[in-house]
Amino acid sequence: MAAELISIEEMLGPDMRLLIRLMRLVPEKDKEDDCLRRLVAFRLIKDGEKRTQAFLLAKIRKMIQSAYTGGLYDFIQDDSRLGAVGPATEPPDIA
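Residues numbered from 1 in each chain as written. Predicted model: local features only at pLDDT ≥ 70, side-chain atom pairs only at ≥ 80, totals over all residues. Heavy atoms only, no water.

S.K.: Talk me through the overall build of the chain; I want residue IDs and the actual numbers.
M.R.: Within the chain, the secondary structure is distributed over five helices and zero strands. Mapped in sequence order, the helices and strands of the chain form the string α-α-α-α-α. Put simply, the chain has 95 residues, and 26% of those count as buried. Pairs at least 24 residues apart make up 47% of the contacts formed inside the chain by residues separated by at least 6 positions. (Helix = DSSP H or I, 4+ residues; strand = E, 2+ residues; numbered from the N terminus. Buried < 20%, exposed > 50% of the residue type's maximum accessible area, 1.4 Å probe, protein only. Contact = heavy atoms within 4.5 Å.)

S.K.: Go over the packing of helix 2 (residues 16-23) against helix 3 (residues 34-47), please, and point to the residues and values.
M.R.: One way to put it is that helix 2 packs onto helix 3 with a least axis distance of 10 Å and a crossing angle of 120 degrees. As far as their axial angle goes, helix 3 and helix 2 are oblique. Like other packed secondary-structure pairs, helix 2 and helix 3 cross with a definite hand, here right-handed. In this structure, helix 2 uses Met-16, Leu-18, Leu-19, Leu-22 and Met-23 to contact helix 3, whose residues at the interface are Leu-36, Arg-37, Val-40, Ala-41 and Leu-44. Classifying every residue of the contact of helix 2 with helix 3 gives nine nonpolar, no polar and one charged. (Axes fitted to C-alpha atoms, helices over the stretch in contact; angles between N-to-C directions. Parallel < 35°, antiparallel > 145°, perpendicular 65-115°, else oblique. Left-handed = near helix turned anticlockwise from the far one by under 90°. Nonpolar A, V, L, I, M, F, W, Y, C, P; charged D, E, K, R; others polar.)

S.K.: Residues and numbers for the pattern of salt bridges, please.
M.R.: Going through the model one piece at a time under the given rule, you end up with two salt bridges. A salt bridge links Arg-21 to Glu-49, with the shortest nitrogen-to-oxygen separation between them at 3.0 Å. Taken as a pair, Arg-21 in helix 2 and Glu-49 in helix 4 (residues 49-65) lie far apart in primary sequence, 28 residues in all. Of the residues examined, Arg-21 reaches a relative accessible area of 42% and is grouped as partly exposed. Ionic pairing is found between Asp-47 and Arg-43, a salt bridge with its closest N-O pair at 2.9 Å. Here Arg-43 and Asp-47 lie together in helix 3, a separation of four residues that amounts to about one turn. (Salt bridge = Lys/Arg side-chain N within 4 Å of Asp/Glu carboxyl O.)

S.K.: Give a detailed account of helix 2, specifying residues and quantitative values.
M.R.: Within helix 2, the full set of buried residues consists of Met-16, Leu-18, Leu-19, Leu-22 and Met-23. What you see down the axis of helix 2 is that its buried residues fit within an arc of 155 degrees, all on one side. (Arc of directions from axis to C-beta.)

S.K.: Explain the environment of Leu-19 to me, and be specific about the residues and the numbers.
M.R.: Looking at where Leu-19 falls in the secondary structure, it is placed in helix 2. Placed 25 residues apart in sequence, Leu-19 and Leu-44 show a C-alpha to C-alpha distance of 7.4 Å.

S.K.: Outline unusual backbone geometry, supporting the account with residue identities and numerical values.
M.R.: In this structure, Ala-67 takes a positive phi of about 60 degrees despite not being glycine. As for its placement among the helices and strands, Ala-67 is situated in the loop between helix 4 and helix 5 (72-82). Overall, the relative accessible area of 58% leaves Ala-67 in the exposed class.

So this is what it looks like as structure tokens:
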């Protein structure tokens with residue numbers, strides 16, 4: 001089973017510096033969060049550096065604006081579960 005696990009370092013190889021650079025954007029309290037590092041690494045592999053950076057900055061801004069006090073990873077998870085549903089969504093008209 002251990003053979004099935006792939007470490008972030010093995011996946012990124014020489015591009016590990018990109019992950020380190022992206023993790024500098026993360027609030028200090030979340031820099032050591034392994035789940036967040038894995039999420040950022042996954043997004044980096046799938047979306048590239050610029051899109052991952054834009055994703056992180058948007059989530060961090062939204063977290064600050066909403067005065068969320070938990071971790072960034074938890075905020076991203078809660079935010080993605082909500083999807084498009086939120087206070088700005090209009091309820092459907094009842095006929």
